[in-house]
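Commentary on secondary and tertiary structure
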Amino acid sequence: MSQIPHDPERGKDYSLTGERARHAEDAGLVSAVWYQCPVPRKRMKELMQRSDGRALRDTALWLGAMVLSGWGGYVFWGSAACVPFFLLYGLLYGTAANSRWHEAGHGTAFKTRWMNDVVYQLACFMVMYEPQVWRWSHARHHTDTIIVGRDPEIVEPRPPRLHLMALKFLSFPHVFNAFKSLFQHASGQMSEEEKIFVPASEWPKVYRTARIWLVLQGLVIGTALFLNSWLPLMYVLLPTIYGGWLSYVFGLTQHVGLAEDELDHRTNCRTIYMNPVFRFFYSDMNYHLEHHMFPMVPYHALEKLHEEIKDDCPPPYNSLIEAYREIIPTLWKQRKDPSFYIKRPIKAPSPDVSDTAERQESAFS
Amino acid sequence: MSDQWVEVCHVDDIDEEDVIRFDHQQKTYAVYRSHNSEYFATDGLCTHEKIHLADGLVMDFVIECPKHNGRFDYRNGKALNAPACVNLRTYPVKVEAGKVMLDTQGQGNP
C-alpha cells in the first residue's frame, strides 16, 4: 500500500484529498457497480464455503518453517552458514506474512473468526501494516480499485519513479513510512488521508496499536543493544526489510501497467500461473483478477473460480517472467508517456449481466 | 403494529443456510433461511457500501457482505465486524401456508 501524497511533478494528483478525488465522484467512478463474470449461484456458494482445515495446515507450515529456519539461523549465527536460513526466515516473515495479513484481513482464510483475527494481527506486525488502518484502506481499495483519487493502494502512480522502486525492493520506504506513521498515531493523530477512509470510531484503536507496537519494537531494539548483537533484530524488524522483496515482486504484477479509472477488474488486474512454492508464499493471490471480482472466495478456491470464469476474462500470464516482460517496458514507457498502459483484451459484457447502477443485477445466474 | 405483509416466495425457494434478494416497491431486502429453517429478513444492502447482501455468504446466523466481508447477525441486524459498523434494519417474517411473508412496514430493529 502507499498513501500517496500529492506530487506536483506528476500530471495527476493521486492523493485522496485532491482534484482527482472530486473528478472520480463526478465521473461516477466512486462506489460504482463493477462488472462481474456470470457464475451460477449454486456454484458460487460452493466456492465461497469456508473451512479451517486448509488454512490450519498452511499456517502450521508457515510458522513451522519460520521456527526451523530461525533455529538454523541461531545455530549457525556468526558463520556464513546462517545466511540461507535467514534468507528463508526473511521470506517467510517479510513475504509470506504479507499474503497472510491480506487473506486473514478479508476473513476468508479460516472459517473460525478468531483464527483470522489472530493471524491477521500477527502478520500485520511482521510486515508493519497497522491493522486498523490497512483494513479500512484495503476495503477502499476493493471498492474503488485503481480509481485515481480514491484508491489509497495504487502501488506505482504514473509516471513511475524507477529509483524509488529500486529502494522498495528492500522495503526501505515502507519501513520508514511505517515508523513515521506509528509515531504519528502513537501521539494521537491521524493523517488527513487516513481520516477519509478510517472512521473516527476506529481512531482510538489505531493509537493503542501504534503504542503497543512501538513498545514491542523498542524491546527488540533494546535487547539487541543490551546483548550487543544484531541477532534479535534478525528475527523481528530486519526481516521486514530483507525478506519483503519477493512480496514486492509479486505485488507489482497485480495492477501495475494496467488501466486506471475503469470499472472492470479484467482491465486492471492480472492473473498469473505460478508454481506451488510461489503460490504458498503468495496465498494464491496470483489469481488476482478472480480475487478482486469475487473477494468472498477464499484463497484455496481461487483456482477453481478461475476455471469457472476464464473464458470471460483476458488470457492469464503463464509465469512471472511473462508478466514482467510486459511490466518493465510499460514502466519504462510511462516515464515519458504516463497515459500509456496495457489494454487487456476483453469480450463485451455478457448479456446475462446488467451492470447498470439502477438495477445492480447479481452476477450469480 | 402495521399490516403490510407481502409474499416473498415459497418456503423451499430459499435453501437452508442461504439468502435471497427480494425487491418490493423500490426497496430491496435480503430474506434468510437458517440451518434450522427459521426465516428472517433485513435490508438488502450492506450498511458499509451499498452492496447486495444476497450475493454474500451465510454461515450459521451470520451474513457476510460479498464485497468487503463485513458481517451481520441477520436475526437482529447487528454489525459484527469492520467494515460493517452500522446495524441492519430487520423486518418481521412469518410462514403461512408454505409461503414466506415479510412485513415491509414492520418496526424492525435498526
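Residues numbered from 1 in each chain as written. Chains lettered and ligands numbered in written order. Predicted model: local features only at pLDDT ≥ 70, side-chain atom pairs only at ≥ 80, totals over all residues.

**With respect to the sheet that holds strand β8 (residues 78-81) of chain B**
Residues and elements named next belong to chain B. Spatial strand order, β5-β6-β7-β8: 4 strands in an open sheet with antiparallel pairing. Edge strands, defined here as strands with exactly one partner in the open sheet, are β5 (57-59) and β8. In this sheet, neighbouring strand axes are inclined to one another by 30° on average, regardless of whether the strands run parallel or antiparallel. Across 3 bridges, β5 lies against strand β6 (residues 62-64) in antiparallel orientation. Its bridge partner being in β6, M59 is matched across the sheet by V62. (Pairing = 2+ DSSP bridges. Helix = DSSP H or I, 4+ residues; strand = E, 2+ residues; numbered from the N terminus. Axes fitted to C-alpha atoms, helices over the stretch in contact; angles between N-to-C directions.)

**Things to note about the interface of chain B and chain A**
The parts lose accessible area when they come together, and the size of an interface is often stated as this lost area. Contact residues are listed per partner, giving 17 residues for chain B and 18 residues for chain A. Each residue belonging to the side of chain B that touches chain A can be placed in one class, and the counts come to 7 nonpolar, 4 polar and 6 charged. (Contact = placed C-beta atoms within 7 Å. Nonpolar A, V, L, I, M, F, W, Y, C, P; charged D, E, K, R; others polar.)

**A few points about the environment of V297 of chain A**
Residues and elements named next belong to chain A. Tracing the sequence through the fold places V297 in the loop between α16 (288-293) and α17 (302-309). Overall, V297 belongs to the buried group, with 27 C-beta atoms counted inside 10 Å. Those residues in contact with V297 that lie beyond four places of it in its chain are L47, M48, E290, L302 and L305. (Buried ≥ 20, exposed ≤ 12 C-beta atoms within 10 Å, placed from the backbone.)

**Some words on the confidence of the model for chain A**
Residues at a pLDDT of 70 or more form 93% of chain A, whose mean pLDDT is 92. A low-confidence stretch, residues 353-365 of chain A stays under pLDDT 50, and its non-local contacts, those more than four residues away or across chains, total 29 contacts. (pLDDT = per-residue confidence, 0-100.)

**Some thoughts on α17 of chain A**
All names here are of chain A. Taken residue by residue, α17 has L302, L305 and H306 as its buried positions. Seen from one end, α17 has its buried residues packed into an arc of 105°, which puts them on one side. Check the buried side of α17 and you find it contacts α2 (41-48) and α16. (Arc of directions from axis to C-beta.)

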